[in-house]
Amino acid sequence: MSQIDLATPTVSAALAGALARHTAQGFARIARVNTTLVTDLEQHGIGVTLVGHEVATIASADAFARATGTLAVAVTTTGPGFTNALTALAETTRARVPLIVLAADAPTTGNRPWDVDQEMLAAALGVRTLTVTADNIDAIVDRAVDSALRTRRPVVLSVAIDIIGAPASLTDSRGIDLSDPAVIRSLSAATLPSASAPRPVAIPHPPTGVNPVERTSAVQALTVAMRPVIIAGRGAWLSGAATELGLMADALGAITATTALARGIFPAAHFDVGVVGGLGQDAAMQLISEADAVLVVGASLNSFTTAGGTLFGPHTTLVRIDVDDVPAPEADHEIVQHRLRGDATTVLRELRETLALSRPASSGWRERVPGLEPGGALRVRDAGFAEHPLGICADGLLDPRSVAARLAELLPADRYVATDGGSAIAWSGRYWPVASPARSIMVGSAFRAIGLGCASIAGVDAAAPDSTAVLSTGSDPGLQALDDVETAIRTARRCVIVVWNDGSSAADFAALAHALGAQGVSVTELAHLDALAEWSAAGGTGTILLDCRVSPTVPSYVPRTR
């Protein structure tokens with residue numbers, strides 16, 4: 001019987017040590033084939049949250065990354081375990097969230113009946129896979145992390161199950177991958193006199209490559225604008241552009257607004273009209289349609305954001321700042337658009353400095369706009385009481401507008417709001433403000449998937465354990481994600497789950513919550529929401545689930561694509 005040198009780490013231990021240089025948080029669905037990996041991650045100082053379903057490993061890591069701006073690792077199992085996680089992997093890819101997926105894979109001896117080609121499945125989603133061997137661990141982990149951060153995409157680290165417990169080689173035989181920019185940088189650096197000691201690779205802001213002609217056109221459009229508006233998206237938040245956005249808004253005298261993923265980014269809330277598009281306040285969206293110039297920063301302007309192409313008026317000129325070469329948005333008329341490609345913070349600063357020479361003062365438009373005061377015409381949301389004074393519709397069920405408005409008064413101020421796909425987006429997005437974009441977690445919206453909201457709660461809790469994690473979900477996604485409801489209840493230290501139960505399923509979510517160890521409240525009248533106030537007054541710990549029986553007769557305001 002051969003003896004293993006105990007001084008030599010196993011592949012699993014070496015892998016955990018390499019990952020610990022880059023992340024302190026992981027999420028795993030425990031199984032026989034990855035138990036050793038999870039144990040070694042924990043022994044190397046990486047906190048691992050165990051979840052009930054493989055899809056939650058990636059969804060939770062995604063939510064953690066969105067809330068903290070740091071990298072997390074998701075640990076999946078082989079074959080059906082990996083395929084179970086694909087919906088969340090597709091979401092993370094489309095949302096451009098960097099993370100590492102540590103995936104146990106088929107043994108090196110060949111596929112078993114339940115194994116699949118995991119690399120090809122990931123590739124079909126646009127996700128790169130790097131294979132771990134016994135002699136490339138440090139290099140392959142560094143390469144995966146560099147790729148994830150540089151491309152803002154997930155990367156799969158594949159490790160065959162029959163080498164997990166094998167000795168790792170201390171010899172660096174990383175090989176040369178000339179298709180990897182990180183390798184090219186390393187090779188170039190190695191030829192320099194100062195390259196005797198390796199240095200960590202900094203991830204810079206995307207390079208700014210603004211076309212001079214487009215810059216001139218953009219400056220001209222903003223210089224003459226009398227009714228300017230600035231719309232910021234998640235890309236502006238990722239760039240750290242909040243301060244520059246505020247300075248630009250002041251320089252232009254612009255009304256400001258955001259996409260659903262950038263709520264709270266502007267420093268001056270007084271001139272901000274909130275979310276644009278189908279989730280926007282009607283009068284505020286009419287105001288934006290009257291703008292003669294709109295500066296859009298880090299927003300893709302998809303059909304949700306533009307309310308099916310109705311957001312901008314026929315005389316509006318768009319100036320787009322984005323790292324991508326973004327196309328003109330969908331609209332019912334021709335859109336004049338000037339594209340400034342580059343990092344939002346850098347381009348905003350350069351644009352503001354140039355504008356200072358041609359536009360010495362703002363138009364003063366926003367100071368003359370009525371309705372921006374608290375409770376004003378551009379602020380007030382229809383809570384449904386004019387139509388249903390008691391918040392009860394003709395079918396005897398609650399008006400979801402009334403429920404959402406009341407919950408906005410009752411929810412803890414220190415909160416992170418995770419929103420599931422479907423109608424749940426409308427009620428939380430329209431009625432519940434958040435303090436910053438990092439506190440609005442919408443895992444599933446990029447891929448238009450439902451059921452990932454529950455799966456993201458473990459990630460929110462790990463990111464902000466002292467804050468309250470609030471989940472807005474519907475009856476269909478909630479029922480679809482029962483494994484993850486259990487995970488949320490088991491892992492979250494402070495959690496409020498709001499189920500918009502429109503009767504599409506026969507589930508009693510309050511009873512389910514009670515069975516899983518949470519406080520479940522069946523909400524059939526507005527007074528029942530007082531249970532949330534009582535929960536908060538008692539310390540607000542553990543999980544309370546509000547099963548809100550709402551009427552399907554009130555439209556959810558989620559815009560439909562064409």
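So, a few notes on the structure that sits alongside this text. (Residues numbered from 1 in each chain as written. Predicted model: local features only at pLDDT ≥ 70, side-chain atom pairs only at ≥ 80, totals over all residues. Heavy atoms only, no water.)

Each helix and strand counted, the protein has 21 helices and 18 strands in total. By the compact-globule yardstick of 24 Å for 562 residues, the protein fits well, its C-alpha radius of gyration being 25 Å. The 562 residues of the protein split such that 55% are buried. Long-range pairs, those at least 24 residues apart, make up 76% of the contacts in the protein between residues at least 6 apart in sequence. (Helix = DSSP H or I, 4+ residues; strand = E, 2+ residues; numbered from the N terminus. Rg over C-alpha atoms; globule rule 2.2 N^0.38 Å. Buried < 20%, exposed > 50% of the residue type's maximum accessible area, 1.4 Å probe, protein only. Contact = heavy atoms within 4.5 Å.)

Backbone geometry at Arg 152 places phi at a positive 50 degrees, although glycine is not the residue there. Relative to the elements of secondary structure, Arg 152 occurs in the loop between helix 7 (137-151) and strand 6 (155-160). Look at Ala 307: it is not a glycine, yet its phi comes out positive at around 55 degrees. Mapped onto the secondary structure, Ala 307 falls in the loop between strand 10 (293-297) and strand 11 (317-322).

Inspection of the entire model under this criterion finds 23 salt bridges. Asp 142 is the partner of Arg 21 in a salt bridge, and the nearest nitrogen-oxygen pair spans 2.7 Å. With Arg 21 in the loop between helix 1 (11-19) and strand 1 (25-28) and Asp 142 in helix 7, the pair connects residues that are 121 residues apart, well separated along the chain. Measuring nitrogen to oxygen at the nearest pair gives 2.7 Å for the salt bridge that ties Arg 401 to Asp 399. Considered together, Arg 401 and Asp 399 belong to a single accessibility category, that of buried residues. (Salt bridge = Lys/Arg side-chain N within 4 Å of Asp/Glu carboxyl O.)

Read from one edge to the other, the open sheet built from six strands follows the order 9-8-7-10-11-12, with strand pairing classed as parallel. Sheet topology places strand 9 (272-275) and strand 12 (336-341) at the edges, where each strand pairs with a single neighbour. Each strand of the sheet is rotated relative to its neighbour by a mean of 20 degrees, with strand direction disregarded. The sheet contact formed by strand 8 (residues 255-258) and strand 9 spans two bridges and is parallel. Looking at strand 9, one finds that Thr 258 is bridged to Val 275. Its contacts with the sheet place helix 9 (residues 212-223) against strand 10, strand 11 and strand 12, and it is angled at close to 125 degrees to strand 12. (Pairing = 2+ DSSP bridges. Axes fitted to C-alpha atoms, helices over the stretch in contact; angles between N-to-C directions.)

Burial analysis of strand 10 places five of its five residues in the buried class, which makes it a mostly covered element. Residues Ala 293, Leu 295 and Val 297 line one face of strand 10 and the alternating positions Val 294 and Val 296 line the opposite face, and both faces are buried. Across five bridges, the pairing between strand 7 (residues 228-232) and strand 10 is parallel. Among the inter-strand pairings, Ala 232 is bridged to a residue of strand 10, identified as Val 297. Two strands pair when backbone bridges link them, and strand 10 and strand 11 are joined in this way by five bridges, in the parallel orientation. What sits directly across from Val 296, in strand 11, is Arg 320.

The next subject is the environment of Leu 407. Locating Leu 407 in the fold gives a position in helix 15 (residues 400-410). Residues Leu 407 and Leu 378, spaced 29 residues apart in sequence, show a C-alpha to C-alpha distance of 21 Å. Once residues within four sequence positions are removed from consideration, Leu 407 is found in contact with Trp 432, Val 498, Trp 500, Leu 529, Leu 532 and Leu 546.

On to the state of the cysteines, then. Summed over all chains, the structure comprises zero disulfides. With no disulfide of its own, Cys 393 has Cys 548 as its nearest cysteine by sulfur position, at a separation of 13 Å. On the basis of relative accessibility, which here comes to 5%, the residue Cys 393 falls in the buried class. For Cys 548, a relative accessible area of 0% corresponds to the buried category. (Disulfide = S-S within 2.5 Å.)

On to helix 17 (residues 453-463), then. Owing to its 3.6 residues per turn, the α-helix brings residues three or four apart onto one side. Of all 11 residues making up helix 17, 10 are buried, and the element is well covered by its neighbours. Of the residues making up helix 17, those classed as buried are Gly 453, Cys 454, Ala 455, Ser 456, Ile 457, Ala 458, Gly 459, Val 460, Asp 461 and Ala 462.

Reading across from one edge, 2-1-3-4-6-5 is the order of the six strands in this open sheet, with parallel pairing throughout. Taken across any chain shown, the strands that pair with only one partner, and hence form the sheet edges, are strand 2 (47-50) and strand 5 (128-131). Pairs of neighbouring strands in the sheet enclose a mean axial angle of 25 degrees, with direction left out of account. Packed on one face of the sheet, helix 1 meets strand 3 (73-76), strand 4 (100-105) and strand 6 and runs near 175 degrees to strand 4.

A surface patch of nonpolar side chains, about 200 Å² in accessible area, is lined by Leu 479, Leu 482 and Leu 512. Residue placement: Leu 512 occurs in helix 20 (residues 509-515). (Patch = residues over 30% accessible without salt bridge, like charges linked within 9 Å, V, L, I, M, F, W, Y side chains within 5 Å. Areas by Shrake-Rupley, 256 points an atom, 1.4 Å probe, with all protein chains shown as cover.)

This part takes up the packing of helix 11 (residues 242-252) against helix 13 (residues 344-358). Their axes nearest at 10 Å, the elements helix 11 and helix 13 cross at an angle of 25 degrees. Regarding the angle of helix 11 to helix 13, the classification is roughly parallel. For the pair helix 11 and helix 13, the sense of crossing is left-handed. Mapping the contact onto sequence places Glu 244, Leu 245, Leu 247, Met 248 and Leu 252 in helix 11 and Thr 345, Leu 348, Arg 349, Leu 351, Arg 352 and Leu 355 in helix 13. Here the residues of the contact of helix 11 with helix 13 sort into seven nonpolar, one polar and three charged. (Parallel < 35°, antiparallel > 145°, perpendicular 65-115°, else oblique. Left-handed = near helix turned anticlockwise from the far one by under 90°. Nonpolar A, V, L, I, M, F, W, Y, C, P; charged D, E, K, R; others polar.)

What follows covers the packing of aromatic side chains. Counted by the stated rule, this structure contains three aromatic pairs. What links up through ring pairs into an aromatic cluster is the set Trp 427, Trp 432 and Trp 500. The ring of Phe 271 carries the charged tip of Arg 366 above its face, separated from the ring centre by 4.1 Å. (Phe/Tyr/Trp six-rings, centres within 6.5 Å; stacked < 30°, edge-to-face > 60°. Lys NZ or Arg CZ within 6 Å of the ring centre and 35° of its normal.)

On to the side chain of Asp 420, then. The topology assignment puts Asp 420 in the loop between strand 13 (415-419) and helix 16 (424-431). No salt bridge forms around the buried Asp 420; measuring N to O, its nearest opposite-charge neighbour Arg 66 is 11 Å away. Only 2.7 Å separates the side chain of Asp 420 from the backbone nitrogen of Gly 451, close enough to count as a polar contact. A polar contact is formed between the side chain of Asp 420 and the backbone nitrogen of Leu 452, at a distance of 3.4 Å. Beyond its immediate stretch of four places on either side in the chain, Asp 420 contacts Ile 425, Ala 449, Ile 450, Gly 451, Leu 452, Gly 453, Cys 454, Ser 472, Thr 473 and Pro 477. (Lys, Arg positive; Asp, Glu negative; His and termini not counted. Polar contact = N/O pair within 3.5 Å; in protein donor to acceptor, adjacent residues only side chain to side chain.)

With that settled, the discussion passes to the nonpolar core. Counting 56 residues, the largest nonpolar core has Leu 89 and Ile 457 as its most contacted members. Of all the elements, helix 3 (residues 54-68) adds the most residues to this core, at nine residues. If we skip the residues at most four places from it in the chain, Ile 457 touches Ala 418, Ala 469, Val 470, Leu 471, Ala 488, Ala 492 and Cys 495. Within the second largest apolar cluster, 37 residues are counted, among which are Ala 404, Val 521, Leu 526 and Cys 548. (Core = buried A, V, L, I, M, F, W, Y, C linked by side-chain atoms within 4.5 Å.)

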